[in-house]
Amino acid sequence: MANKKEISFKVWMLLIAVFLSVGAVIGLSSYLFYCEPKNIEYDEVSGGEISMTYTDDKNIFAITNGIKMSDADGMIQDASDKFFDFSINTDISNANNLEYSIILVKDEELSTALDENVKIYLEKEVSGSYSEVTGPIVFSSNMKDSEYKNAMTIYKGTNKNNKTENFRLRMWISDTAEVTPEQIQNYSVKIIVDGKAN
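Residues numbered from 1 in each chain as written. Predicted model: local features only at pLDDT ≥ 70, side-chain atom pairs only at ≥ 80, totals over all residues. Heavy atoms only, no water.

### Digging into the overall build of the protein
Logical step 1: When you go through the protein residue by residue, the secondary structure sums to 2 helices and 11 strands.
Logical step 2: Secondary structure elements in the protein, listed N-terminal to C-terminal, are α-β-β-β-β-α-β-β-β-β-β-β-β.
Logical step 3: Residues classed as buried in the protein amount to 38% of the 198 residues present.
Logical step 4: When contacts within the protein are restricted to residue pairs at least 6 apart in sequence, those whose partners lie at least 24 apart make up 74%.
Logical step 5: Of the roughly 12200 Å² of accessible surface on the protein, 53% is carried by carbon and sulfur atoms. (Helix = DSSP H or I, 4+ residues; strand = E, 2+ residues; numbered from the N terminus. Buried < 20%, exposed > 50% of the residue type's maximum accessible area, 1.4 Å probe, protein only. Contact = heavy atoms within 4.5 Å. Areas by Shrake-Rupley, 256 points an atom, 1.4 Å probe, with all protein chains shown as cover.)

### Some thoughts on the sheet that holds strand S6 (residues 98–106)
Logical step 1: Read across the open sheet, the 4 strands follow the order S3-S11-S6-S9; overall the sheet is antiparallel. Edge positions in the sheet fall to strand S3 (60–63) and strand S9 (151–159), since each has one partner strand and no second. Averaged over neighbouring strand pairs, the angle between their axes works out to 25 degrees when direction is ignored.
Logical step 2: Where S3 lies against strand S11 (residues 187–197), 4 bridges are found, and the strand directions are antiparallel. Paired with Ile60 across the strands is Lys190, a residue of S11. (Pairing = 2+ DSSP bridges. Axes fitted to C-alpha atoms, helices over the stretch in contact; angles between N-to-C directions.)

### Here we look at the nonpolar core
Logical step 1: By size, the foremost hydrophobic cluster in this structure holds 30 residues, and its most contacted members are Phe86, Ile88, Tyr100, Ile102, Leu169 and Ile191.
Logical step 2: Sorting the residues of this core by element identifies strand S2 (48–54), S3, strand S5 (83–92), S6, strand S7 (118–126), S9, strand S10 (163–174) and S11 as the ones contributing at least two each.
Logical step 3: With sequence-adjacent residues up to four places away left out, Leu169 is seen in contact with Phe61, Lys82, Phe83, Phe84, Phe86, Leu104, Ile120, Tyr121, Leu122, Ile154 and Ile191.
Logical step 4: Formed by 6 residues, the second largest nonpolar core is a distinct cluster that contains Ile103, Tyr148, Ala151 and Ile192. (Core = buried A, V, L, I, M, F, W, Y, C linked by side-chain atoms within 4.5 Å.)

Here you go:
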């Protein structure tokens, strides 16, 4: 009897170990598929390169059926679909520094809200927490002579070393917007990065 109990115990322990191993493999695979950042922007410049990574499916951030809110409320929206996290990666090989710009390009087809009704707010991670670097400001095209139409530069940075910087973008409909409940407030932008080595 003792031998049978001992064999039965070993079999159960073996089965538990197998199930745990299979579960760990499935969990790791799911994390890598759904959560690992994807390279979306890559710009090779003289003396270095710059790229942007993110965890969403596209480098597009949108307000869908947006409601009016104050800046105080907009800046702290914490639902996963209310902000867009991305990273800027700079690699300087033969340059003194690399200048870069974070640019929002409005999608005219998907946007129904007026530019002046949309608030933009950008934060940068510093020492493990996010701090304001831009905004809140209204969307306003400031790249008239650029290849991008209806685009806005929201941040400029300069790196003298190889590094990765993390950013968080939020958008919302201003509480001063004069809209009626029947007016659908959608707004969509594409996030891109441009770089130049010096």
